[in-house]
Amino acid sequence: LAHGHRAGPDAALTPFIWEALRLDPPVAFLPRRSTRAITLNGVPIAPGSELLIAVGAATRDHPWDDADCFKPERYARPGQAGTPAHDPLIFGGEPDDPATGRSSSFLHQCIGQHVAMPLLTHIVRQMLLLPGLAEAINPRDGKPLGLSQQWAYHCLSYPLVYHRHALLRHSALLLLMDLQSPSQA
């Protein structure tokens, strides 16, 4: 696969999906326990300290302007050079670079990204192909129902509607039968 995740009809969607994941990463917070004494930004951290790594904040800590705005043009499209392919922090950090021989300073790169990204792009493409896709509207106030979240990152629901009848390939089969009254035999 060209660039690991970009193949076929899904290739044009990947910058949009990477940007959505950057703003709302799959795991916004990671609990960890320090194994040794370290100092981060002048703050001493003792061994055994409980830490909460805010991945959701780290993916917004870039030299870009408008880090809180949705801008898929931040990421390279197939054949485009000079922009990053994706934010490496979304799935655990950047891997070693075989082209330059530079090893990564990250201990972990999530192998799940190689399963998740093709699956996500396929799901998004299939959803976008739904006829009449739109946000569900609240009948009381006429506004979109919108995203319902727990803990500011876990999606509980995002009600969407589409023209289901446009996808139906078959019509209901009607069968008429005369029924006889029950008889004792």
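To be clear, the structure that these remarks concern was listed above.
Now for a look at the structure at hand. Think of each chain on its own: its residues are numbered from 1, step by step along the sequence as written. Two thresholds apply to this predicted model, a pLDDT of at least 70 for residue-level local features and 80 or more for giving and counting side-chain atom pairs, whereas whole-chain, interface and lining totals are computed over all residues. In computing side-chain properties, one takes all heavy atoms of the structure into account and sets aside hydrogens as well as water.

**Describing the overall build of the protein**
Right, so step 1: For helices the rule is a DSSP run of H or I covering at least 4 residues; for strands it is a run of E covering at least 2, with both sets numbered from the N terminus onward. When its secondary structure is counted, the protein shows three helices and eight strands.
Right, so step 2: Across the protein, helices and strands are ordered from the amino to the carboxyl terminus as α-β-β-β-β-α-α-β-β-β-β.
Right, so step 3: Accessible areas in this description were obtained via Shrake-Rupley with a 1.4 Å probe; residue shielding takes into account the shown protein chains only. With the model as given, the accessible surface of the protein reaches about 13,800 Å², and the carbon-plus-sulfur share is 60%.

**A closer look at the nonpolar core**
In summary, soluble globular proteins display a tendency toward joint burial of nonpolar side chains.
Right, so step 1: Listed in full, the eight residues of the largest apolar core are Leu13, Ile17, Trp18, Leu21, Tyr75, Ile90, Phe91 and Met117.
Right, so step 2: Broken down by element, the residue count for this core peaks at three residues, all from helix H1 (residues 14-23). Put simply, buried Ala, Val, Leu, Ile, Met, Phe, Trp, Tyr and Cys residues joined by side-chain atoms within 4.5 Å make one nonpolar core. Exposure classes here rest on a 1.4 Å probe applied to the protein chains alone. A residue is buried below 20% of its type maximum, exposed above 50%, and partly exposed in between.

**Regarding a nonpolar patch on the surface**
Right, so step 1: Two joining distances apply to patches: 9 Å for like charges and 5 Å for nonpolar side chains (Val, Leu, Ile, Met, Phe, Trp, Tyr), and every residue must have over 30% relative accessible area and no salt bridge. Here, a salt bridge means any side-chain nitrogen of Lys or Arg that lies within 4 Å of a carboxyl oxygen of Asp or Glu. On the surface, a cluster of nonpolar side chains totalling about 840 Å² of accessible area is made up of Leu119, Ile123, Met127, Leu128, Leu133, Leu147, Tyr158, Leu160, Tyr162 and Leu167.
Right, so step 2: If you tally residues by element for the nonpolar patch, the top one is helix H3 (residues 113-128), at four residues.
Right, so step 3: Locating Leu160 in the fold gives a position in strand S8 (residues 160-161).

**Topic: the side chain of Glu19**
Right, so step 1: Mapped onto the secondary structure, Glu19 falls in helix H1.
Right, so step 2: A distance of 2.9 Å separates the side chain of Glu19 from the side chain of Arg22, its partner in a polar contact.
Right, so step 3: Throughout, a residue-residue contact means that at least one pair of heavy atoms, one from each residue, lies within 4.5 Å. With near-sequence residues (within four places) excluded, Glu19 lies in contact with Cys69, Phe70, Lys71, Pro72, Arg74 and Tyr75. Side-chain atoms alone can form a polar contact between residues adjacent in sequence; in general such a contact is a pair of N or O atoms within 3.5 Å, and within protein one must be able to donate a hydrogen while the other accepts it.

**Some thoughts on the pattern of salt bridges**
Right, so step 1: What the rule picks out here adds up to four salt bridges.
Right, so step 2: In this structure, the salt-bridge partner of Lys71 is Asp66, at a minimum N-O distance of 3.0 Å.
Right, so step 3: Salt bridges linked by common partners bring Glu19, Arg22 and Arg74 together as one network.

**Here's the deal with the environment of Tyr162**
Right, so step 1: Topologically, Tyr162 is positioned in the segment after S8.
Right, so step 2: Linking Tyr162 and Ala136, residues 26 residues apart in sequence, is a C-alpha distance of 9.0 Å.
Right, so step 3: Ignoring any residue separated from it by four or fewer positions in sequence, one finds Tyr162 in contact with Leu130, Pro131, Gly132, Leu133 and Leu167.

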